[in-house]
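Secondary and tertiary structure notes
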Amino acid sequence: MHGIAIANDLNKAFITDGKDNAVTIINLTTFELIEKVAIEGQKPDAVMYDLFSHKVFTFNAKSKDATVLDADTNKVLKTIALGGNPEFPATNTKGLIYVNIENTSEIKTINAATLEVVNTWSIAPGEEPSSLALDIETNRLFSVCSNKLMMILDATTGKILDKLPIGGGCDGVALDTEKKLIYSSNGEGTITVVKEQNANSFSVIETIPTQKGARTIAIDKTTHKLYLSAAEYGPKPEPTAENPKPRASIIPNSFVVLVIDTKVK
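The notes below deal with the structure included here. All values reported here derive from a predicted model rather than from experimental measurement. (Residues numbered from 1 in each chain as written. Predicted model: local features only at pLDDT ≥ 70, side-chain atom pairs only at ≥ 80, totals over all residues. Heavy atoms only, no water.)

**Let's talk about the sheet that holds strand β10 (residues 96-101)**
Let me state the cut-off plainly: A pair of strands is labelled paired if DSSP reports no fewer than 2 bridges between them. For helices the rule is a DSSP run of H or I covering at least 4 residues; for strands it is a run of E covering at least 2, with both sets numbered from the N terminus onward. Every angle, taken between N-to-C directions, lies between 0 and 180 degrees, and every axis is a line fitted to C-alpha atoms, over only the stretch in contact when it is a helix.
Strands sit in the order β9-β10-β11-β12 across an open sheet of 4 strands; the sheet is antiparallel. The two strands at the open ends of the sheet, each matched to only one other strand, are β9 (86-91) and β12 (116-122). Taken over all neighbouring pairs, the strand axes of this sheet differ in orientation by 25° on average, direction set aside. Pairing of strand β11 (residues 106-111) with β12, which is carried by 6 bridges, proceeds in the antiparallel orientation. Counterpart to Asn-111 in the pairing with β12 is Glu-116.

**Notes on the side chain of Lys-12**
Stated precisely, the cut-off is as follows: Exposure is judged per residue with a 1.4 Å probe applied to protein chains only, and the accessible area is read against the type maximum: over 50% gives exposed, under 20% gives buried, and values in between give partly exposed. His is not counted here, nor are the chain ends, while Lys and Arg score as positive and Asp and Glu score as negative. A carboxyl oxygen of Asp or Glu within 4 Å of a side-chain nitrogen of Lys or Arg is what we treat as a salt bridge. Polar contact criterion, stated in full: a pair of N or O atoms within 3.5 Å, where within protein one must be able to donate a hydrogen and the other to accept it, and residues adjacent in sequence count only if both atoms are side-chain atoms. It only takes one pair of heavy atoms within 4.5 Å for two residues to be counted as in contact.
Note that Lys-12 resides in strand β2 (residues 12-17). Of the side chains bearing the opposite charge, Asp-72 lies closest to the buried Lys-12, which forms no salt bridge; the N-O distance is 6.0 Å. For Lys-12, the side chain forms a polar contact with the main-chain oxygen of Ala-71, separated by 2.8 Å. At a separation of 2.9 Å, a polar atom in the side chain of Lys-12 contacts the side chain of Asn-74. Once residues within four sequence positions are removed from consideration, Lys-12 is found in contact with Ala-5, Ile-6, Ala-7, Ile-25, Ile-26, Leu-28, Ile-34, Ala-71, Asp-72 and Asn-74.

**Side note on unusual backbone geometry**
Ala-124 connects to Pro-125 through a cis peptide bond whose omega is 15°. Despite not being glycine, Phe-31 has its phi angle at roughly 65°, a positive value. Topologically, Phe-31 is positioned in the loop between β3 (22-27) and β4 (33-38). Unlike most non-glycine residues, Ser-105 shows phi in positive territory, near 55°. Tracing the backbone shows Ser-105 in the loop between β10 and β11.

**A look at a nonpolar patch on the surface**
Note the cut-off: Candidates for patches are residues over 30% relative accessible area with no salt bridge; among them, like charges are joined within 9 Å and nonpolar side chains (Val, Leu, Ile, Met, Phe, Trp, Tyr) within 5 Å. For the area figures, the Shrake-Rupley method with a 1.4 Å probe applies, and any residue is considered shielded solely by the protein chains shown.
On the surface, a nonpolar cluster with roughly 390 Å² of combined accessible area is contributed by Tyr-227, Phe-255, Val-257 and Val-259. In this structure, Phe-255 sits in the loop between β22 (225-230) and β23 (256-261).

**Let's talk about the pairing of β4**
Pairing between β3 and β4: 5 bridges, direction antiparallel. What sits directly across from Ala-22, in β4, is Ala-38. Count of turn residues in the β3/β4 antiparallel hairpin: 5 residues, of which Phe-31 carries a positive phi of about 65°.

**A closer look at the side chain of His-224**
Within the element layout of this structure, His-224 appears in the loop between β21 (216-219) and β22. In this structure the side chain of His-224 is engaged in a polar contact, spanning 2.6 Å, whose partner is the side chain of Asp-176. Setting aside residues up to four positions removed in sequence, His-224 forms contacts with Asp-176, Glu-178, Lys-179, Ile-260, Thr-262 and Lys-263.

**A closer look at the pattern of salt bridges**
This structure, assessed with the given rule, holds 7 salt bridges. Here Asp-20 and Lys-36 are joined by a salt bridge, their closest N and O atoms 2.7 Å apart. Of the two residues, Asp-20 is situated in the loop between β2 and β3 and Lys-36 in strand β4; the sequence distance between them amounts to 16 residues. Using a relative accessible area of 48% as the deciding quantity, one classes Asp-20 as partly exposed. Residue Lys-36 is classed as partly exposed on the basis of its relative accessible area of 45%. A salt bridge links Glu-106 to Lys-108, with the shortest nitrogen-to-oxygen separation between them at 4.0 Å. The network of salt bridges with common partners includes Asp-135, Glu-137 and Lys-180.

Dropping the structure here:
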């Protein structure tokens, strides 16, 4: 399991199964299996339900494409070539889907009606973008990158408006639309807080200490609280030919959820 997309209006959840190259669909009330749909895309990871088009988009790391399902019928509609490794999507809720392409340092735009890529934008000097957020009100994209930069773009033209420093090891970004704050969750053990003063003015206003390895983030837009998953890790194994980039194993019983109250000063 990698990602989950919630379709509350359909009472369904769509879960990507990376090793099975499939999407598992469950009933949100009973948690019973509705269907497991095999897809052509390989190693599906991030997934999004687009309420506007009633479509589900899975972003497939190994095959470098996106699979589109009809959320009502659960049928596969199309596989869209992306030309690189997709990382994380965002929707403008009006028919456009944006997605970071990690290995080419780009953002691609997909038309949810035609299921075609309509724009490809470079985010250089940002490198290896991971997570992505979109402020629909100001039409601004926030892409967080592995070289400690947050790239800010106009979501219509793709023009880079600003670049700001963030912490290392980022893998998540969350947008508080009411407070106009963007939070970058950094694996080094921090959250970088960016303030959107207006559509063309942005600044880093704070760095919040968290825990090493806390790279993913979610926000409750009602309470404004942030949630991050974290754990403690053992020693990192030596690289091998079969596994040139080994990951350290998680220490048993060390998993925690960090809760950040952004109202506390």
